[in-house]
Amino acid sequence: MALVLLPGLNNLIEDISEEKKLPPAVVEAALREALLKGYERYRRTLYLGISEDPFEEDYFSNFDVQLDLDEEGYRVLASKIIVEDVESEDHQIALAEVQQVADDAQIGDTVVLDVTPEKDDFGRMAAATTKQVLAQKLRDQQRRMIQEEFADLEDPVLSARVVRFERQSVIMAVSSGPGRPEVEAELPRRDQLPNDNYRANTTLKVFLKEVSEVPRRGPQLFVSRANAGLVVYLFENEVPEIQEGSVRIVAVAREANPPSRAVGPRTKVAVDSVEREVDPVGACIGARGSRIQQVVNELRGEKIDVIRWSPDPGQYIANSLSPARVEAVRLVDPDGHHAHVLVPPDQLSLAIGREGQNVRLAARLTGWKIDIKNANEYDQASEDAVVAELIAVRQEEEALHAEAEARLAAEQAARAEEDARLRELYPLPEDEEESLDEGVEPQADALPSPADALAEEEAPEGVPSETGELVSSEDGAR
């Protein structure tokens, strides 16, 4: 059997396995597939400038490559079916030729032949194709392993190390667990914190935001420092009561990248306690602020407000505007989630926050539209009249939306009814086939008998290769 020697094959596989963080078996499979594509390219180049390429897309599906790691080389093998008259030399072999070596060979059996070309005949184009395909297959395997490794992680927060910078993104090295190899992840500009210092080899906690399934040259993991999930993770790790379940985080509203540089990052966290004797806010803050300080340090000084959740919307809204002091909360439109919050004049700026950040975060946290009003200047009658107009406009929009949805549903039902009527008058070919299938009973003669299913003969051993050497054979029924 011809063998094309590849000196240093074992070292090559080991080096690629270590560099790409792939198992040696995966590298071997990629190399076999690349060599097979190289052989296909070699066969096609034989017709360049002579005639049109005669090979179809799946012409080489019966070919395979065998790696010999002991002798450091490879062979190209072809599975051929034994026939009386050969029509395709790449897929068939004559019975008379096989019987010269194996007398018990029969038509329909399959034999494996060595069709390895000489190393000098392989050609530069085939070698280049092999190299390109190997690189592509290794990238595909890396992408597949990363998807399997990170797609179902129970803990979405990872420790990341800054590796380099690409445009406005930071490329970081992350690992799915202790002892696992590092892979690259991208931290886009919009997911960075303004107070972070991204120097080389700096270690930070990041939130695994996305595992991309789209083929791309760069990292397919996208991480974030601005995601609210990172805040939840940090509190869960610092507050034992959250881990035990006596305190729970109900909602988080975060503005890690404010629209203006004059406003710093800020987060509001709503917490509640399952047990009455446990103070959820105090548990999250800790003695002298020790617990929340750890979270603030990890987020590089980000301001965090921990407020108590309440089932009463008015109380919840008042708490969410902390640290401002609220006099009253009027739920002027409960259906539309619209509230007026009355605060003393000296609390107006604090309730609104710099550039509206405090009230904006409170609205996100509670899900209510919040209007901050001066308690001393609030005219309830005029405000109610304005709100009544807003409610009327909202109800009119909702009615128009409901009417449009009903009209669309009626049109879809009428279209489906018309399609069904036309299909009865003018049946489609698949409809006629289905009706025929339903009316035909299966015949027992058409089904294979157990005896036929079990009747298999062992393949003859010792079939000649194209070089005259004996390889192997196997029953074509298999």
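What follows concerns the packing of helix α1 (residues 9-20) against helix α2 (residues 24-45). Remark: α1 packs on α2, axes separated minimally by 9 Å, with the N-to-C direction vectors making an angle of 115 degrees. As for the relative orientation of α1 and α2, their crossing is right-handed in sense. Between α1 and α2, the residues in contact are L9, I13, I16 and S17 and P24, V27, E28 and L31, respectively.

Okay, the sheet that holds strand β13 (residues 303-308) next. Hydrogen bonds between backbone atoms are what pair the strands of a sheet, whose relative direction is either parallel or antiparallel. What the three strands build is an open sheet, ordered β11-β12-β13; its pairing is mixed. The outermost strands of the open sheet, each flanked by one partner alone, are β11 (247-255) and β13. Each strand of the sheet is rotated relative to its neighbour by a mean of 20 degrees, with strand direction disregarded. Where strand β12 (residues 266-273) lies against β13, six bridges are found, and the strand directions are parallel. Within β13, the position partnered with V271 by the bridge is R308. Across the face of the sheet, helix α5 (residues 228-238) comes into contact with β11, β12 and β13 while running at roughly 145 degrees to β11.

Now for the pairing of strand β16 (residues 369-374). Burial of the side chains of β16 is restricted to one face: I370, I372 and N374 are buried, whereas none of K369, D371 and K373 on the reverse face is. As paired elements, strand β15 (residues 338-343) and β16 share six bridges and run parallel to each other. Across the sheet, H338 pairs through a bridge with K369, a residue of β16.

Applying the stated criterion across every chain, the model contains 25 salt bridges. With a closest N to O distance of 2.7 Å, D305 and R266 form a salt bridge. Of this pair, D305 sits in strand β13 while R266 is found in strand β12, placing the two residues 39 residues apart along the sequence. Side by side, D305 and R266 carry an identical accessibility label, which is buried. Linking E398 and R394 is a salt bridge whose minimum nitrogen-to-oxygen distance equals 2.9 Å. On the criterion of helical spacing, the pair formed by E398 and R394 is a turn pair, its members being four residues apart in helix α12 (residues 380-425). When salt bridges that share partners are traced, they join D196, R225, E298 and R300 into one network.

The rules behind each value
- Residues numbered from 1 in each chain as written.
- Predicted model: local features only at pLDDT ≥ 70, side-chain atom pairs only at ≥ 80, totals over all residues.
- Heavy atoms only, no water.
- Axes fitted to C-alpha atoms, helices over the stretch in contact; angles between N-to-C directions.
- Helix = DSSP H or I, 4+ residues; strand = E, 2+ residues; numbered from the N terminus.
- Left-handed = near helix turned anticlockwise from the far one by under 90°.
- Contact = heavy atoms within 4.5 Å.
- Pairing = 2+ DSSP bridges.
- Buried < 20%, exposed > 50% of the residue type's maximum accessible area, 1.4 Å probe, protein only.
- Salt bridge = Lys/Arg side-chain N within 4 Å of Asp/Glu carboxyl O.

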